[in-house]
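Here's the letter readout for the chains.
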Amino acid sequence: PKTAYVRTKPHLNIGTMGHVDHGKTTLTAAITKVLSDRGTGTYVPFDRIDRAPEEAARGITINISHVEYETDTRHYAHVDMPGHADYIKNMVTGAAQLDGAILVVSALDGIMPQTAEHVLLARQVGVDHIVVAINKADAGDDELTDLVELEVRELLTANGYGGDAAPVVRVSGLRALEGDPRWTASVEALLDAVDTYVPMPVRYTDAPFLLSVENVLTITGRGTVVTGAVERGTVRVGDRVMVLGADQETVVTGLETFGKPMESAEAGDNVALLLRGMPRDAVRRGHVVAAPGSVVPSRRFTARVYVLSAREGGRTTPLTSGYRPQFYIRTADVVGDVDLGEVAVARPGDTVDLTVELGRDIPLEAGLGFAIREGGRTVGAGTVTELL
Ligand code: GDP
Ligand code: MG
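Residues numbered from 1 in each chain as written. Chains lettered and ligands numbered in written order. Predicted model: local features only at pLDDT ≥ 70, side-chain atom pairs only at ≥ 80, totals over all residues. Heavy atoms only, no water.

### A short note on the sheet that holds strand S4 (residues 100-106)
Then, number 1: Read from one edge of the open sheet, six strands run S2-S3-S1-S4-S5-S6, paired in mixed fashion. Looking along the sheet, the strands with just one partner apiece sit at the ends: strand S2 (65-70) and strand S6 (168-170). The sheet shows a mean angle of 25° between the axes of neighbouring strands, taken without regard to direction.
Then, number 2: Along the sheet, helix H8 (residues 181-197) contacts strand S1 (11-17), S2, strand S3 (75-80), S4, strand S5 (130-135) and S6; its crossing angle with S5, the most-contacted strand, is approximately 170°. (Pairing = 2+ DSSP bridges. Helix = DSSP H or I, 4+ residues; strand = E, 2+ residues; numbered from the N terminus. Axes fitted to C-alpha atoms, helices over the stretch in contact; angles between N-to-C directions. Contact = heavy atoms within 4.5 Å.)

Encoded structure:
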């Protein structure tokens, strides 16, 4: 029998973001190593984070890896996202749940396009606290690193993060992984900064249960399991739930977090739900599991959207009514028609109010964040303002 999950510390969701090759995965592995040496975590080597072999073996597309660890005061689920072009999609879907982020910037390269893009999107999807890890400090020179730090603080300030107050910690994930005492201490300092700078968020545990499905797996002999982060409410083994998208009501017959069974899960937890009698093919990423009757899916809404500039990786040409991109909302990926009304055009760099009609009904509500993508890149980020 597996050991049950015991909730002894507040749980938070964090993640690494930043330009490809700046050391996000190395730092993630280093954090687990430093904490396992302290006795509050299990070491997860680089290869396991980067490839998530168990899930790859089941033929599921993995574009996000979770690790868990504890500091003295908190339990964390940490997501490390790959640095390719698909990054943003995962960040938007994963970041909807991020309570804080570790922005990894190489001391050797400084701010690169994806560094800026991730900070912008973090702001758009409501990540309120960013701690900076200037990584590869073992290989950088001090004066250059000072410049990188200045540059990062400016970037944060430009995006509404208060760059002067943000903790900036110089680390070496690689040397900490090798057990070097100085750089091990640097990773501990980073974790202390996360512990103190990222506040415990308000959790809507009293609201009706809602979880957006990230992955679906089959456990031989047990049935269909969906994974994701609980957005709000609580769920217990035995609860009836509605799977929106599959449009099927079912019962939760098992609950786990990081392989440990649990009696009840609450807002903020990363969980796997075993669903009674749910056919594997009926449920997909992007479906929503919710308390029956608590949400009514819809497809028309108004939104305020920031259209990324070309410099931020966005379009070079304006949007017009009739534009039909993909909308990434929670974990769903849905086509939608854009109507700009009297505004008529939205240029890269503009913030506009527009109307969207999605290709299918999904649970929507005012305040919900989303990304707009076209041809594999992010061209906009927005927030639902009103359902129509
Ligand atoms: P990611 O794409 O941001 O996840 O970056 P990786 O963790 O895959 O690291 C990219 C490269 O940078 C690898 O070759 C790492 O060995 C190297 N690297 C990562 N962290 C450090 C560090 O602290 N110091 C040095 N010198 N190299 C590092
Ligand atoms: Mg990586």
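Back to the write-up after that little detour.
### A short note on the side chain of Thr-227
Then, number 1: For Thr-227, the location among the structural elements is in strand S9 (residues 223-232).
Then, number 2: Classification of Thr-227 by relative accessible area gives buried; the value is 16%.
Then, number 3: Ignoring any residue separated from it by four or fewer positions in sequence, one finds Thr-227 in contact with Leu-211, Ser-212, Val-213, Glu-214, Asn-215, Val-271 and Ala-272. (Buried < 20%, exposed > 50% of the residue type's maximum accessible area, 1.4 Å probe, protein only.)

### Regarding the pairing of S9
Then, number 1: Among the 10 residues that make up S9, eight are buried, leaving the element largely enclosed by the rest of the structure.
Then, number 2: Examined bridge by bridge, strand S7 (residues 210-212) and S9 share two bridges and lie antiparallel to one another. Bridging from a neighbouring strand, Leu-211 pairs with Val-230 of S9.
Then, number 3: Where strand S8 (residues 215-219) lies against S9, five bridges are found, and the strand directions are antiparallel.

### Thoughts on H8
Three- or four-residue spacings in an α-helix give side chains the same orientation, since the helix completes a turn every 3.6 residues.
Then, number 1: Helix length check: H8 (17 residues) gives 24 Å between terminal C-alpha atoms against 24 Å at 1.5 Å per residue, within 8%.
Then, number 2: The complete set of buried residues in H8 reads Trp-183, Thr-184, Ser-186, Val-187, Leu-190, Leu-191, Ala-193, Val-194 and Asp-195.
Then, number 3: N-cap assignment for H8: the residue whose side-chain oxygen lies 3.0 Å from the backbone N of Arg-182 is Asp-180. (Expected span 1.5 Å × (residues − 1). Polar contact = N/O pair within 3.5 Å; in protein donor to acceptor, adjacent residues only side chain to side chain.)

### Considering the nonpolar core
Then, number 1: Counting 29 residues, the largest nonpolar core has Leu-27, Ile-31, Tyr-69, Ile-102, Val-187, Leu-190 and Val-194 as its most contacted members.
Then, number 2: Listing elements by their share of this core, those giving two or more residues are S1, helix H1 (24-38), S2, S4, S5, helix H7 (173-177) and H8.
Then, number 3: When residues no more than four places from it in sequence are discounted, the contact partners of Leu-27 are Ile-102, Val-104, Ala-133, Val-171, Gly-173, Val-187 and Leu-190. (Core = buried A, V, L, I, M, F, W, Y, C linked by side-chain atoms within 4.5 Å.)

### Some points on unusual backbone geometry
Then, number 1: Phi at Phe-258 is positive, roughly 50°, even though this residue is not glycine.
Then, number 2: Assignment of secondary structure puts Phe-258 in the loop between strand S12 (248-257) and strand S13 (260-261).
Then, number 3: Positive phi, close to 70°, is recorded for Ala-344, a residue that is not glycine.

### Focus: the site of ligand 1
Then, number 1: Near ligand 1 there are 16 residues, and of these Asp-21, Lys-24, Thr-25, Thr-26 and Asp-138 occur at the shortest range.
Then, number 2: One nitrogen or oxygen atom from the main chain of Gly-173 is found 3.1 Å from an oxygen atom belonging to ligand 1.
Then, number 3: In the model, an oxygen atom of ligand 1 is placed 3.2 Å from a nitrogen or oxygen of the Leu-174 main chain.
Then, number 4: About the coverage of ligand 1: the protein hides 77% of its 580 Å² of free accessible area.
Then, number 5: Secondary-structure elements contributing two or more residues to the shell around ligand 1 are H1 and H7.
Then, number 6: Counting residues per element, the shell around ligand 1 draws most heavily on H1, which supplies three residues.
Then, number 7: The residue inventory of the shell around ligand 1, partitioned by class, reads four nonpolar, eight polar and four charged. (Near = heavy atom within 4 Å. Areas by Shrake-Rupley, 256 points an atom, 1.4 Å probe, with all protein chains shown as cover. Nonpolar A, V, L, I, M, F, W, Y, C, P; charged D, E, K, R; others polar.)

### Topic: the packing of aromatic side chains
Then, number 1: Enumeration according to the criterion identifies three aromatic pairs in this entry.
Then, number 2: Summarising the aromatic geometry, the rings of Tyr-69 and Tyr-76 are spaced 5.8 Å apart at their centres and angled 45° between planes, so their arrangement reads as tilted. Neither Tyr-69 nor Tyr-76 differs from the other in exposure class; each is buried.
Then, number 3: Look at Phe-327 and Phe-370: their rings are 5.7 Å apart centre to centre, the planes differ by 55°, and that puts the pair in the tilted class. Taken as a pair, Phe-327 in strand S19 (residues 326-329) and Phe-370 in strand S23 (residues 369-374) lie far apart in primary sequence, 43 residues in all. With respect to class, Phe-327 is no different from Phe-370; both count as buried.
Then, number 4: The ring of Tyr-161 has Arg-123 lying over it, and the distance from NZ or CZ to the ring centre is 4.4 Å.
Then, number 5: Above the face of the Tyr-328 ring, Arg-373 is positioned so that its terminal group lies 5.5 Å from the ring centre. (Phe/Tyr/Trp six-rings, centres within 6.5 Å; stacked < 30°, edge-to-face > 60°. Lys NZ or Arg CZ within 6 Å of the ring centre and 35° of its normal.)

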